[in-house]
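Structural features, examined
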Amino acid sequence: MDAYRVEYEPGWDKYFEELDASVQERIYKKILQLQAGIQGRHLKHGSPYFVEEIGGYRIGYKSDDLTKIRTVYFAGSHKNYEKWYKSQ
């Protein structure tokens, strides 16, 4: 698998900062896996976002296979993920 560069959209950590340090660490490890080339599921037809699941938590991101850049837009609980996604 090819390596990707991970970038962060301003405000991506709005909900992430509210989480316990142990949960933040789990999410960060999954973000590192995004760098290594794993890819989550596509949200729905026509949506540019992908999602990675970590228990009851989610990471929302976009992936550009040409530039090998993945941009994180959201990281937080499933409940906050639903709020974020509805606002997109």
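Everything here concerns the structure above.
Now for a quick tour of the structure.

Scoring rules and cut-offs
- Residues numbered from 1 in each chain as written.
- Predicted model: local features only at pLDDT ≥ 70, side-chain atom pairs only at ≥ 80, totals over all residues.
- Heavy atoms only, no water.
- Helix = DSSP H or I, 4+ residues; strand = E, 2+ residues; numbered from the N terminus.
- Contact = heavy atoms within 4.5 Å.
- Core = buried A, V, L, I, M, F, W, Y, C linked by side-chain atoms within 4.5 Å.
- Buried < 20%, exposed > 50% of the residue type's maximum accessible area, 1.4 Å probe, protein only.
- Lys, Arg positive; Asp, Glu negative; His and termini not counted.
- Salt bridge = Lys/Arg side-chain N within 4 Å of Asp/Glu carboxyl O.
- Polar contact = N/O pair within 3.5 Å; in protein donor to acceptor, adjacent residues only side chain to side chain.
- Patch = residues over 30% accessible without salt bridge, like charges linked within 9 Å, V, L, I, M, F, W, Y side chains within 5 Å.
- Areas by Shrake-Rupley, 256 points an atom, 1.4 Å probe, with all protein chains shown as cover.
- Pairing = 2+ DSSP bridges.
- Axes fitted to C-alpha atoms, helices over the stretch in contact; angles between N-to-C directions.

**Quick word on the side chain of Lys 30**
- Residue position: Lys 30 is located in helix 1 (residues 21-36).
- With sequence-adjacent residues up to four places away left out, Lys 30 is seen in contact with Ile 38, Glu 52, Glu 53, Ile 54 and Ile 59.

**A word on the nonpolar core**
- Formed by 14 residues in total, the largest nonpolar core has its most connected members in Trp 12, Phe 16, Ile 27, Ile 31 and Ile 59.
- For this core, the elements supplying multiple residues, two or more each, are helix 1, strand 3 (50-54), strand 4 (57-64) and strand 5 (69-77).
- For this core, the leading source of residues is helix 1, giving four residues.
- Here Ile 27 is in contact with Phe 16, Leu 19, Ile 54, Tyr 57, Ile 59, Ala 75 and Gly 76, once residues within four sequence places are set aside.
- Membership of the second largest hydrophobic core comes to seven residues, among which are Val 51, Tyr 73, Phe 74 and Trp 84.

**As for the side chain of Arg 70**
- Here Arg 70 shows up in strand 5.
- As a buried residue without a salt bridge, Arg 70 has its nearest oppositely charged side chain in Asp 65, at a separation of 4.7 Å.
- Among the polar contacts made by the side chain of Arg 70, one reaches the main-chain carbonyl oxygen of Leu 34 at a distance of 2.9 Å.
- Those residues within four positions of Arg 70 in sequence are excluded, and the remaining contacts are Tyr 4, Arg 5, Val 6, Glu 7, Leu 34, Gly 37, Ile 38, Gln 39, Tyr 61, Lys 62 and Ser 63.

**Details of a nonpolar patch on the surface**
- Taken together, the side chains of Tyr 8, Tyr 28 and Leu 32 make up a nonpolar region of the molecular surface, amounting to roughly 280 Å² of accessible area.
- Residue placement: Leu 32 occurs in helix 1.
- Leu 32 sits in the partly exposed class, given a relative accessible area of 37%.

**Points about the sheet that holds strand 1 (residues 5-8)**
- Ordered in space as 1-5-4-3-2, the five strands form an open sheet in which the pairing is mixed. Each edge of the sheet is formed by a strand with only one pairing partner; in this case those strands are strand 1 and strand 2 (41-42).
- Sheet topology note: the strand 1/strand 5 ladder contains four bridges and is parallel. Note that in strand 5 the partner of Tyr 8 across the bridge is Val 72.
- Contacts from helix 1 reach strand 1, strand 3, strand 4 and strand 5 within the one sheet, and its direction differs from that of strand 4 by about 20 degrees.

**Description of the pairing of strand 4**
- Strand direction decides the pairing type here: strand 3 and strand 4, joined by five bridges, are antiparallel. Residue pairing across strands places Ile 54 opposite Tyr 57, the latter belonging to strand 4.
- Between strand 3 and the antiparallel strand that follows it, strand 4, lie two residues; Gly 55 among them carries a positive phi value of about 60 degrees.
- As consecutive antiparallel partners, strand 4 and strand 5 are separated by four residues, and within that stretch Lys 68 has a phi angle of approximately 60 degrees, a positive value.

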